Amino acid sequence: MSPLIEIRNARKKFMGTPVLDGITLSIEAGERIAMLGPNGAGKTTLVRSMLGFYHLDEGEIRVMGKDPIRDRVEVLRHIGFIPQLPPPVKLSLDELLMYIERSTGTPKGAVIAQAERMALDVKQHASKPFFKLSGGMKQKLLIAIALARRSRLFVFDEPTASLDPKARELFYRLLSDLDYDYSAIYITHRLEELEGLINRKIYMELGKVVEDEPIAT
Ligand SMILES: Nc1ncnc2c1ncn2[C@@H]1O[C@H](COP(=O)(O)OP(=O)(O)OP(=O)(O)O)[C@@H](O)[C@H]1O
């Protein structure tokens, strides 16, 4: 079986500066990875390239055997992505959840139930545009959507950055409670928070992977 994600010699420059400098990585199903490294190391660029947001200058990425740019819809169908900065969606929460139900088959009620477990009352804000929620509320709703979809792979880009301590705790508890074999990539600056949730850590610096090791769970 092909790996979940296969990256071969990925290279990308932004304005002449290498941001991905020859990355080769293989990620198997069931791996739960902390992706670490200083600001600007290229972590977000790497995961966004896996999701088909960016074309590489050189090299190749395959996700579940597919090209994330050519087969983007198919690749994203299996991935729950929580971006670092939530997109400025103008739809109300009600409209957004209806749209998600229609496009992904994820029942609105399932998202509302997950949101409740993150201490977010969706019904109270149903007519509010998504972009008018607070940063933490946006993050909670995006987390609820990803979890309700029961994605095979979660890609979390600093998912707890805007969450208060209580919500952070709830988020990690929800992940621990998931009852199926998912894979995950967490971009984070707080490795200690992921204790018990990860089995591999990858450290990036200046567009390169400089450390890659398993973690006993
Ligand atoms: N769309 C873009 N256009 C130009 N430069 C970009 C773009 N996206 C990222 N960069 C640059 O690429 C470098 C790597 O950015 P990236 O967001 O991948 O880093 P990161 O490791 O995720 O950092 P952080 O921990 O701060 O989130 C930075 O120098 C950034 O300014």
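Bear in mind the structure is a predicted one, so any value in this text is a computation, not a measurement. (Residues numbered from 1 in each chain as written. Predicted model: local features only at pLDDT ≥ 70, side-chain atom pairs only at ≥ 80, totals over all residues. Heavy atoms only, no water.)

## Some thoughts on the site of the ligand
Part 1 of the argument: Surveying the vicinity of the ligand reveals 14 residues, the closest of which are N39, G40, K43, T44 and T45.
Part 2 of the argument: In this structure, K43 approaches the ligand through a side-chain N or O atom, which is 2.8 Å from an oxygen atom.
Part 3 of the argument: Contact between the ligand and T45: an oxygen atom at 2.6 Å from a side-chain N or O atom of the residue.
Part 4 of the argument: Bound to the protein, the ligand loses 64% of the 640 Å² it would expose on its own.
Part 5 of the argument: Considering each element in turn, the shell around the ligand owes the most residues, three residues, to helix α1 (residues 43-50).
Part 6 of the argument: Residues belonging to the shell around the ligand are distributed by class as follows: five nonpolar, seven polar and two charged. (Near = heavy atom within 4 Å. Polar contact = N/O pair within 3.5 Å; in protein donor to acceptor, adjacent residues only side chain to side chain. Areas by Shrake-Rupley, 256 points an atom, 1.4 Å probe, with all protein chains shown as cover. Helix = DSSP H or I, 4+ residues; strand = E, 2+ residues; numbered from the N terminus. Nonpolar A, V, L, I, M, F, W, Y, C, P; charged D, E, K, R; others polar.)

## Examining the sheet that holds strand β2 (residues 17-27)
Part 1 of the argument: What the three strands build is an open sheet, ordered β2-β1-β4; its pairing is antiparallel. If you trace the sheet from one side to the other, it starts and ends with β2 and β4 (58-63), each paired once. Pairwise comparison of adjacent strand axes, ignoring direction, gives a mean angle of 25 degrees for this sheet.
Part 2 of the argument: Seen against the sheet, α1 touches β1 (5-14), β2 and β4 and runs at an angle of roughly 60 degrees to β2. (Pairing = 2+ DSSP bridges. Axes fitted to C-alpha atoms, helices over the stretch in contact; angles between N-to-C directions. Contact = heavy atoms within 4.5 Å.)

So yeah, pure geometry; function would need other evidence.
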